[in-house]
Amino acid sequence: KTAEELEQVLGTSIQSGLTSAKAQEYLARDGPNELEKPPKPTLLMLFLMQLTGFVIILLLVAAIASIAVNATGPNNSDILSYTTGKAIFVIVVLNA
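Residues numbered from 1 in each chain as written. Predicted model: local features only at pLDDT ≥ 70, side-chain atom pairs only at ≥ 80, totals over all residues. Heavy atoms only, no water.

## Here we look at the environment of Q50
Item 1. By the element assignment, Q50 lies in helix α3 (residues 43–50).
Item 2. Taking C-alpha positions, Q50 is 9.5 Å from V92, a pair spaced 42 residues apart along the chain.
Item 3. Setting aside chain neighbours within four positions, we find Q50 in contact with I56 and A96. (Helix = DSSP H or I, 4+ residues; strand = E, 2+ residues; numbered from the N terminus. Contact = heavy atoms within 4.5 Å.)

The following block contains the structure:
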């Protein structure tokens, strides 16, 4: 549509804009000209988002690998052999 056609359809003027009455009518009908605010993330969501970083995922894989190697090694009954994997998990969770 041309500017003149839109001017007729919207009941406005290209030169002077909307009248106060027309602006109030649009405001009452359509509401304020604002974008909706996205909802704030929950604490659980923030925690989970912290765990999705590349370095964090590498650390989690390293912890799992450490525990798996110790579980299949000759000292699998020794509880202290799992210390490295447990420590990595604890540090990652505390950091998140």
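## Some points on helix α4 (residues 54–72)
Item 1. Taking 1.5 Å of rise per residue, 19 residues should cover 27 Å, and α4 covers 27 Å from first to last C-alpha, within 8% of that figure.
Item 2. Buried residues of α4: I56, A63 and S66, and no others. In an axial view of α4, the angular spread of the buried residues amounts to 80 degrees, which keeps them on one side of the axis. Seen from the open side of α4, the exposed residues pointing more than 90 degrees away from its buried face are F54, V61, I64, V69 and T72.
Item 3. Its buried side turned inward, α4 meets α3 and α5 (83–95). (Expected span 1.5 Å × (residues − 1). Buried < 20%, exposed > 50% of the residue type's maximum accessible area, 1.4 Å probe, protein only. Arc of directions from axis to C-beta.)

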